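# Report on the structure
The chain contents come next:
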Amino acid sequence: MPVELKLPPSDDWVPTLEETPYHKLGGDEAVRALAYAFYDAMDAHEPALAKLHELDAQGRVNAGTRERFGLFLVGWLGGPQHYMERHGHPRLRMRHGHLPVDTAMRDAWVRSMQKALDARGITGGLRRFLDARFAQVADFLRNTEG
């Protein structure tokens, strides 16, 4: 009788309409926590990037910026479109057009997001998917050589 091999389940996760990254991460609260972890990482490790944002009295990226990015991420990752309802279409390139986004700033942004994903314990197929998508968006926003 042949021996049946039990292979570990594949972790080649890809989003579907039923299981978006928003759902896979755990919904609203988890996505907003990711946004806060992102700015915590930026404050701690990427001061030049943090200084491009509105800062609070302690010199950290302010709560309004964190909330707005959290709302954006909720919708962008497949959850409710509250950002669009409140602020309209994100128009990312236009909204970032006044800032010089070069390779160094892009890389600082990606490092901050990677640290946030690490802090939130996001691994496997979901992590690979998010790493790729965040890198694509960060590169898309580059508007300056270098």
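Refer to the structure printed above.
Residues numbered from 1 in each chain as written. Predicted model: local features only at pLDDT ≥ 70, side-chain atom pairs only at ≥ 80, totals over all residues. Heavy atoms only, no water.

Assignment of secondary structure puts Lys24 in helix α1 (residues 21–25). The class for Lys24 is partly exposed, based on a relative accessible area of 38%. In this structure the C-alpha to C-alpha distance between Lys24 and Leu126, which are 102 residues apart in sequence, comes to 7.6 Å. When residues no more than four places from it in sequence are discounted, the contact partners of Lys24 are Trp13, Glu19 and Leu126. (Helix = DSSP H or I, 4+ residues; strand = E, 2+ residues; numbered from the N terminus. Buried < 20%, exposed > 50% of the residue type's maximum accessible area, 1.4 Å probe, protein only. Contact = heavy atoms within 4.5 Å.)

Trans is the common state for peptide bonds, and a negative phi is the common state for residues other than glycine. At Arg91, a residue that is not glycine, the phi angle is positive and equals roughly 40°. Checked against the element boundaries, Arg91 lands in the loop between α5 (82–87) and α6 (92–96).

Considering all chains together, one arrives at eleven aromatic pairs under this definition. Seen in terms of ring centroids, Phe38 and Tyr39 are 4.8 Å apart; in terms of plane orientation they differ by 70°. Their pairing is edge-to-face. Overall, the relative accessible area of 5% leaves Tyr39 in the buried class. On the numbers, 5.8 Å between centres and 80° between planes, the contact of Phe72 with Tyr83 is edge-to-face. You can see Phe72 sitting in helix α4 (residues 63–76) and its partner Tyr83 sitting in helix α5, a full eleven residues away along the chain. Side by side, Phe72 and Tyr83 carry an identical accessibility label, which is buried. One aromatic cluster is present, formed by Phe38, Tyr39, Phe69, Phe72, Trp76, Tyr83, Trp109 and Phe134 through successive ring pairs. (Phe/Tyr/Trp six-rings, centres within 6.5 Å; stacked < 30°, edge-to-face > 60°.)

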